[in-house]
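Structure assessment
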Amino acid sequence: MTDLPSDISGTQSLLANQSYICDRALATVVFLSLKLGRPLFLEGEAGTGKTEIAKTIAAALGRRLIRLQCYEGLDASGAVYEWNFAEQMIAIRTAEATGGADRTALKTELFSDDYLIARPLLEAMQDQPGGPPVLLIDEIDRTDEPFEAFLLEALSDFQVTIPELGTIRAPEPPIVILTSNRTREVHDALKRRCLYHWVGYPAFDREIEILQARAPEAAETLSRQVVAFVQKLRTEDLFKKPGVAETIDWAKCLLALDVMTLSPEVIADTLGAILKYQDDIQKIQGSEARRILDDVRAELAPAE
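The paragraphs below set out a description of the structure included in this document. (Residues numbered from 1 in each chain as written. Predicted model: local features only at pLDDT ≥ 70, side-chain atom pairs only at ≥ 80, totals over all residues. Heavy atoms only, no water.)

1. Focus: the packing of aromatic side chains
- This structure, assessed with the given rule, holds six aromatic pairs.
- Between the aromatic rings of Tyr81 and Trp83, the centroid separation amounts to 6.1 Å while the plane-to-plane angle is 80°, which identifies the pairing as edge-to-face.
- Judged by relative accessible area, which is 14%, Tyr81 ranks as buried.
- Among the residues examined, Trp83 registers a relative accessible area of 14% and is labelled buried.
- By the ring-pair criterion, three or more aromatic residues cluster together here, those being Tyr81, Trp83 and Phe111. (Phe/Tyr/Trp six-rings, centres within 6.5 Å; stacked < 30°, edge-to-face > 60°. Buried < 20%, exposed > 50% of the residue type's maximum accessible area, 1.4 Å probe, protein only.)

Set out below in structure tokens:
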């Protein structure tokens, strides 16, 4: 288990050692979250590295990553616990068959840890090898308001309540990271319990650093063309703008095809790596892709 970083620069270095390149503002809020034991709420466009930072922190600190993937209709049974109904029925039938069905004793046995299936929130409240885990509550904006209200207890006191067993409190608070793609506003009461940071698209030089860290085999010329082209795409009127994740995916696809430099033909063949909606692909294909590539070449020409 790695010790927590002692300052902001140490936090940047800790993340960089796992190939996660971030600016000082993000490193600051991560440092404060770790130092103060406060949940971290990361909001921003999809594909900007919000989920990845939780994975990176877990790997860097040698902690277990526990991920709660949010979805519409998520409730306590999906997030905290459920009872192993099948095993409970077997125990009931076995007790009946052997004549040992003492109702009080059987009820106590059935609602014990032996038949409890822990879900992410409960797992995060339990002892873990290597120290308190990193709890990633991913895409909280996909849930509804009742689940947000339910989270308040967990994030306020780092505890969950199971009616049959009582309240379970974490011996040490987990490192909590919540992410949101802002498909809807998350309630202020939940945000107040967290440190907040907006994760936007990186500037050109920062995105080059990220790409070099994640796809170091890419030549500098290709890396600069890829980043410049993707950044140009983000200024277009698209249904879904490509994130940093798409930049990395596209570069890896181009490397797999032994591409050394961008061309209209290569772009047409690989647009599906950066654009995920057919309407966007149709809009960029052909002359539009050529126009963007010409702009990219003109801008990069002095540096090249």
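2. Quick notes on helix 2 (residues 24-36)
- Over its 13 residues, helix 2 runs 18 Å from end to end, which matches the ideal 18 Å to within 8%, given 1.5 Å per residue.
- Burial in helix 2 covers these residues: Leu26, Ala27, Val29, Val30, Phe31, Ser33 and Leu34.
- Elements in contact with the buried residues of helix 2: helix 1 (8-16), strand 1 (40-44), helix 3 (50-61), strand 8 (175-180) and strand 9 (195-199).
- Taken from the residues just after helix 2, Gly37 is the one with a positive phi, measuring 70°. (Helix = DSSP H or I, 4+ residues; strand = E, 2+ residues; numbered from the N terminus. Expected span 1.5 Å × (residues − 1). Contact = heavy atoms within 4.5 Å.)

3. Comments concerning the sheet that holds strand 2 (residues 65-69)
- Strand order in the open sheet formed by five strands is 2-5-8-1-9, with parallel pairing between adjacent strands. Of all strands in the sheet, those bounded by a partner on one side alone are strand 2 and strand 9. Here the average twist between neighbouring strands, direction ignored, is 20°.
- One ladder, built from five bridges, connects strand 2 with strand 5 (residues 134-138); its direction is parallel. Across the sheet, residue Arg67 finds its bridge partner in strand 5, namely Leu136.
- Taken strand by strand, helix 2 contacts strand 1, strand 8 and strand 9, and its axis lies near 155° from that of strand 9. (Pairing = 2+ DSSP bridges. Axes fitted to C-alpha atoms, helices over the stretch in contact; angles between N-to-C directions.)

4. Focus on the packing of helix 10 (residues 204-214) against helix 11 (residues 220-233)
- With their axes 10 Å apart at the nearest point, helix 10 and helix 11 run at an angle of 130° to one another. Between helix 10 and helix 11, the angle is such that the two are oblique. Helix-helix and strand crossings are classified by hand; for helix 10 and helix 11 the assignment is right-handed. Contact residues: Phe204, Glu207, Ile208 and Leu211 in helix 10; Ser223, Arg224, Val226, Val227, Ala228, Val230 and Gln231 in helix 11.
- Its residues assigned to classes, the contact of helix 10 with helix 11 comprises seven nonpolar, two polar and two charged. (Parallel < 35°, antiparallel > 145°, perpendicular 65-115°, else oblique. Left-handed = near helix turned anticlockwise from the far one by under 90°. Nonpolar A, V, L, I, M, F, W, Y, C, P; charged D, E, K, R; others polar.)

5. Concerning the nonpolar core
- Leu121, Ile137, Ile140, Leu151 and Leu178 are the most contacted members of the largest nonpolar core, which has 35 residues in total.
- Sorting elements by how many residues they give to this core places helix 8 (residues 145-157) first, with four residues.
- Each residue touching Leu151, except ones within four places of it in the same chain, is listed here: Leu121, Ile137, Ile140, Leu178 and Leu190.
- Counting residues in hydrophobic clusters, the runner-up holds 33 residues, among them Val244, Leu271, Leu275 and Leu293. (Core = buried A, V, L, I, M, F, W, Y, C linked by side-chain atoms within 4.5 Å.)

6. Quick look at unusual backbone geometry
- In this structure, Ser19 takes a positive phi of about 65° despite not being glycine.
- Here Ser19 shows up in the loop between helix 1 and helix 2.
- Judged by its relative accessible area of 26%, Ser19 falls in the partly exposed class.
- At Arg182, a residue that is not glycine, the phi angle is positive and equals roughly 60°.
- For Arg182, the location among the structural elements is in the loop between strand 8 and helix 9 (188-191).

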